[in-house]
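One letter stands for each residue in the lines below.
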Amino acid sequence: FLSLSSPSFDPFCQRKGSLVGGEGKSKVKTWVREVLRQGLVNASQSTGAWIVTSGLREGVSRCVGEAVRDHAAAASSSIKIVTVGIAPWGMVHNRQQLVNPQAKYFVQNTSRDLPCLDTNYQAFLLVDDGTVGRRGGEAGFRARLENHISIQRTGICGSGSIDIPVLCLLVSGEPTILERMEISLKNSLPWLVLVGSGGVADLVGDLLENVSSVPVMLAGGPDGEGEAVSSGDLRERALSVYHNRDLVSIYHKEQEGTEDFHTVLLRALVRANKKNSSSVSPYTEELKLAVAWNRVDIARSELFNGSIHWSYEDLKDPMTDALVNNKPEFVRLFTENGLNIMDYLSYKRLEDLYCSLSENTLIYSMLQRRLADRQNITSPGSYQPFTATASPAKEQGGNNFSLFEVSRVLEDLLGDVCQPFYYSPLKLENIRSKRRALKKVGKTLKADCSYREKRCQYPWASLFIWAVLQNYSEMAIFFWEMAEESVLSALSGCKLLRELSKLDSETESKLSMKEDKYVIVIVGVFSNCYQSDESRSFTLLTTKSPVWRGATCLQMAIGADARLFFSHDGVQSLLSQIWWGDMERSTEVWKLVLTFFIPPLCYTKLISFRKLSQVHQGKKVMADESSIIVSDRPQRLPFLVSRWRKFWYAPVTSFLGNVLMYFLFLLLFAYVLLIDFKQPPPDGPAISEYVLYFWVFTIVCEEIRKTFFLGGVTLTLHRRHYAQDLWIKWDLIAICLFLIGLCCRMFQTSYEAGRTFLCVDYMVFTLRLIHIFAIHKQLGPKIIIVGKMIKDVFFFLFFLAVWLMAYGVANQALLYSYDPNPDRIFRRVFYRPYLHIYGQVPVEEIDAGVKWSEPCTENLTEIEAGAEPCRATYSNWLVVILLVIYLLVTNILLVNLLIAMFSNTFSKVQENSDTYWKFQRYNLIVEYHSRPSLAPPFIIVSHLHLFIKSVFNLSSAAELEGKLARRLMTWEHVQKENFISHESKKQRAQDSERIKRMSFDNSLIHFSALLICLNESIANNRNTTFKK
């Protein structure tokens, strides 16, 4: 039995079918072959059952092997049928070949006394009872094995709620089968008898109909094979079978068809289990078997048709089994028929679901690592390093995953988008340190763990996370339909799948396909929301979610890289509204510039402002660190203050001010470098240079504010955000270069070096303009394309460097036999060949046939002193050839390759450049939305104002809560239901259209066939008339 747990199939069988009888050389009837091929094999494939036979290449075993082989060749499903052979050692032909594990077993098709093993089986168990050529030697072992399997539980590591169903199928057979049947019936294993297949199967069928038909004596099989059985033993076994007739079901070929064989197998198991059931409800075992066999159609028509009242106690165990074994249809069925998810999902049951994960999954290994971390903190003396083969959880007897490990894994996947999950039941809300949290959890888990009996606060969202991590796509979609905050939940699913695909490259393509499905759902639901109510849809995007631990839709969309979602008109409309603040979007830029330099113009009608009714019905969009939230506090201020705030606090004004002042900063920097860069003290610096220093100081202050003084999130998370931004790193480079140049220019010895650093720093500051103009609708997409093309340039430079090195070294060695000057070597090996690409080819220096006016010498002493060496003329012809080849490759091949790469990149990015630009636009809008309204160097005033507000706690950010939050959630749920209903109607319409098209095509085929027959009949009549 242990040999079955190979990596090729499940080590724990979910259900098992044992086929008995039909051995020997007797011919199998045609209808029995059809039952095995269409009924048994298809039932095994749909339910995941294992088929166990003798595994020999004869009789029914051979028919099963051929049926499984044909099914595997024709089926498109990836689910494989597992067939196991249990054969007596003494009945196997060429059995000595199996003694050596390195040898190969050869199957012979010739007729012999002993049959060979069937190669269509996945595994074999060979039972040696000391006999040779005797059948039935494996019967006792097989019966004990079937009984052992029947008392095991379904699911991974027996985590299911029901025993593994085992059914014995009797086909034909000899009288000795009755002994085997008697043993199994005493162990309460059900049997299904194919009456009409001959042999003992017909005998058992007659016996159950009329007990007086017990024969006095029957020896051998239908062909006279087998052993003689005494009449007393046969009578006793037959009566034993009759007394256990409740466990025996009959299948008549005249009564049922092969397509109903699934139902026959299930009813046989149900009939047997009802006898042994200890449940209060007589239908509980039938429901458990329907779940085990994944027959939701039978459960829906027979058990959930309205005639049976199901209680919570009846459904909770089948619900657990359906969740663990990924059967979403049953989960939906139980939910629709009385199972309250609030009563079902406690924190303990949620932990049990995570403990039932397969060891081969990525989430299991991540949970194991987090479990090892916790055990290392709580029990450092007994801790052992985590390995793939031995883990602390296994050493303690199971997967003891708690909610804390789940929370840590979700934190690894979701990152900084939301606060940690499940901290409230663990009482860790106010603990920031991970080490303190680990110690607190260790104490909690060693105590009574009272939190486990509590109800899960958000059950559908928790089950949705569990299903996504398990990669159960259909079940995750159902939980998404039932969960709150559908848009944010789908975005979270995208985020989880994206992070999982990064960690597991093998399943990256599969996860990306499921991620695209979530994106389609997100866009569809939000489209309904936007069309229904624009104001509410904006609130939906910016409201912090209690279900997803304070995350907003926009934050999660950034983390999930949902570019298609950001390109939606509703999201872009919100971003445009945030960008313009309370001003009209149609305001011309020149009016903003004029008002910026003449501030009192904001009180005139030069700038148009929106009416109060248009500003979200009293709600105001506000900045909160790196996100955007909604405040429902209307601020009533005097006109002068209100109009001033509306103009200066708009992100577009902040952006425009920063752009204008940045240009002034670059002009001042250029003026200092070109005109007013004085000598070191005491002669300098000049006043303009001091102004430049103060300006850079205010820029440094702003960078410090963005890094350390943004409230609401931990300092570690802020620094992580800060380090991930490319342009922030660019700013750090510019500031560092400026500080180095400043320090160097203050001393006479390093004055020139300082000036050099400042000149380079000016270039870095100037290139920062690229990021500023990323907000522009025309320039933004082009900047993205340029960024993609820079990557192509690096590949081009690699190929160019190879050719440049090859040609430069060979050219220098052939032209000059000896030249130790490193400066000339570098210029002639790298610099001069690089200039050849642009057409600068000094022919008089390379070609010895052309006169060169440069004075040279062949004296080694003068050459070592720095004199120009003369050219070598011996291999000058080779130099010219190398020059031709180098120019051909670089100027024609590589340059055109670069142009082709640029064209390919442009064509690919141009199609989606608008989507990319809209996605990046969000970050820039959030940056200027949370930035002080004044630009450097006047930003120092805003910093003082922020400092005073932080000291006196004057922050006024508020979140949506109470009735407004519930109304918003209900409205979103209605829009989700409308979307699901629309998609179902659309799918039904497509199906009906496909059916109509197929019926029309069939009609055309039939009509064409009729025309052909009519033409043939007319031709035949003409031929007959012609002969006459």
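Residues numbered from 1 in each chain as written. Predicted model: local features only at pLDDT ≥ 70, side-chain atom pairs only at ≥ 80, totals over all residues. Heavy atoms only, no water.

> How should unusual backbone geometry be read in this particular structure?
Omega for the peptide link from P681 to P682 comes to 10°, which places this bond in the cis form. Within the secondary structure, P682 sits in the loop between α29 (651–674) and α30 (687–708). The amide bond that connects G684 to the next residue, P685, takes the cis arrangement and shows omega of 0°. A positive phi angle, near 55°, is found at N326, a position not held by glycine. Relative to the elements of secondary structure, N326 occurs in the loop between α10 (312–324) and α11 (328–336). In this model, N471 sits at a positive phi of 65°, which is unusual for a non-glycine residue. In this fold, N471 is placed in the loop between α19 (459–470) and α20 (473–482). (Helix = DSSP H or I, 4+ residues; strand = E, 2+ residues; numbered from the N terminus.)

> Which parts of the structure should I look at to understand the environment of I772?
You can see I772 is positioned in helix α34 (residues 769–772). Of the residues examined, I772 reaches a relative accessible area of 5% and is grouped as buried. Distance from I772 to L924, taken between C-alpha atoms, is 8.5 Å for residues 152 residues apart in sequence. For I772, the contacting residues outside a window of four places in its chain are F655, V659, Y662, L924 and Y928. (Buried < 20%, exposed > 50% of the residue type's maximum accessible area, 1.4 Å probe, protein only. Contact = heavy atoms within 4.5 Å.)

> What exactly am I supposed to notice about the environment of R144 here?
As for its position among the elements, R144 is in helix α3 (residues 139–150). Along the backbone, R144 and S184 are 40 residues apart, and their C-alpha atoms lie at a distance of 8.4 Å.

> Help me understand empty space enclosed by the protein, please; the structure alone is not making it clear to me.
Here the idea is plain: a probe the size of a water molecule rolls over the atoms and shows the empty space left. Overall, the coordinates contain 6 cavities of 30 Å³ or more when judged by the stated rule. Lining the largest cavity we find 18 residues, and of these N658, Y662, I699, R931 and P936 sit closest to its centre. Counting only elements with at least two residues in the lining of the largest cavity, the list comes to α29, α30, α32 (726–745) and α39 (876–929). Ranked by the residues each element gives to the lining of the largest cavity, the list is headed by α30, at 5 residues. Class assignment for the residues of the lining of the largest cavity results in 10 nonpolar, 1 polar and 7 charged. (1 Å grid on protein atoms, 1.4 Å probe; cavity = no way out; pocket = protein on both sides within 12 Å on 5 of 7 lines; lining within 4 Å. Points joined across faces, edges and corners; volume = space filled by probe spheres on them. Nonpolar A, V, L, I, M, F, W, Y, C, P; charged D, E, K, R; others polar.)

> Explain helix α21 (residues 486–503) here, please?
It helps to recall that an α-helix has 3.6 residues per turn; residues three or four apart then point in one direction. Taking 1.5 Å as the rise per residue, α21 with 18 residues should run 26 Å; its terminal C-alpha atoms sit 26 Å apart, in good agreement. Most of α21 is tucked away, with 15 of its 18 residues classed as buried. (Expected span 1.5 Å × (residues − 1).)

> Mind showing me how you'd approach the nonpolar core here?
Nonpolar side chains in soluble globular proteins tend to be buried together. If you look at the biggest cluster of nonpolar residues, it comprises 157 residues, and the most contacted ones within it are L323, F334, F479, F565 and F665. Of the residues forming this core, the biggest block, 12 residues, is contributed by α29. In contact with L323, other than residues within four places in its own chain, are V331, Y344, L353, L463, W466, Y472, M475 and F479. (Core = buried A, V, L, I, M, F, W, Y, C linked by side-chain atoms within 4.5 Å.)

> Looking at this structure, I do not really get the state of the cysteines. What am I missing?
Covalent bonding between the sulfur atoms of two cysteines defines a disulfide. According to the stated counting rule, one finds 1 disulfide in the structure shown. With a sulfur-sulfur separation of 2.2 Å, C856 is cross-linked through a disulfide to C870. Its S-S torsion of about 90° marks the bond between C856 and C870 as right-handed, since a negative value means left-handed. Of the two residues, C856 is situated in the loop between α37 (843–846) and α38 (860–865) and C870 in the loop between α38 and α39; the sequence distance between them amounts to 14 residues. (Disulfide = S-S within 2.5 Å.)

> Can you walk me through the pairing of strand β4 (residues 123–127) in this structure?
Each regular strand carries side chains that alternate between the two faces of the sheet. Burial along β4 is one-sided: the residues A123, L125 and V127 are buried and none of F124 and L126 is. Pairing geometry for strand β3 (residues 82–88) and β4, over 5 bridges, is parallel. Note that in β4 the partner of A87 across the bridge is L126. (Pairing = 2+ DSSP bridges.)

> Mind showing me how you'd approach a positive patch on the surface here?
Judged by side-chain charge, K427, R435, R436, K439, K440, K443 and K454 come together as a positively charged surface patch. Along the chain, the position of R436 falls in helix α18 (residues 434–446). We classify R436 as exposed; its relative accessible area is 55%. (Patch = residues over 30% accessible without salt bridge, like charges linked within 9 Å, V, L, I, M, F, W, Y side chains within 5 Å. Areas by Shrake-Rupley, 256 points an atom, 1.4 Å probe, with all protein chains shown as cover. Salt bridge = Lys/Arg side-chain N within 4 Å of Asp/Glu carboxyl O. Lys, Arg positive; Asp, Glu negative; His and termini not counted. Charge placed at Lys NZ, Arg CZ, Asp CG, Glu CD.)

> Would you explain a nonpolar patch on the surface in this entry?
A grouping of F795, F798, F799, V802, W803, W877, I881, I885 and L897 is seen on the molecular surface, where their side chains present a nonpolar patch of about 920 Å² in accessible area. Elements represented by at least two residues in the nonpolar patch include exactly α35 (779–815) and α39. Top contributing element to the nonpolar patch by residue count: α35, with 5 residues. Summarising the element assignment, L897 is placed in helix α39.

> Honestly, the pattern of salt bridges in this entry has me stumped. Any pointers?
Should their charged atoms come close, side chains of opposite charge can pair. In the structure shown here, the tally under the stated rule is 35 salt bridges. Across the pair K502 and E499 runs a salt bridge whose closest N-O atoms are separated by 3.6 Å. With K502 and E499 both in helix α21 and 3 residues apart, the pair spans about one turn of that helix. The class of E499 is buried, set by a relative accessible area of 14%. The partner of E868 in a salt bridge is R828, and the shortest N-O contact between them spans 2.4 Å. Here R828 lies in helix α36 (residues 822–836) and E868 lies in the loop between α38 and α39, a separation of 40 residues in the sequence. The two residues E868 and R828 agree in class, both being buried.

> Sorry, what's going on with the packing of helix α16 (residues 403–414) against α18 here?
Two measures define how a pair of helices packs: the angle their axes make with one another and the distance between the axes. One can describe the packing of α16 onto α18 by two numbers: an axis separation of 11 Å at closest approach and a directional angle of 155°. Viewed along their axes, α16 and α18 adopt a mutual orientation that is roughly antiparallel. Residues F404, R408 and E411 of α16 form the contact with α18, whose own contacting residues are K434, A437, L438 and V441. Residues that form the contact of α16 with α18 fall into these classes: 4 nonpolar, no polar and 3 charged. (Axes fitted to C-alpha atoms, helices over the stretch in contact; angles between N-to-C directions. Parallel < 35°, antiparallel > 145°, perpendicular 65-115°, else oblique.)

Geometric values such as these leave the question of function open.
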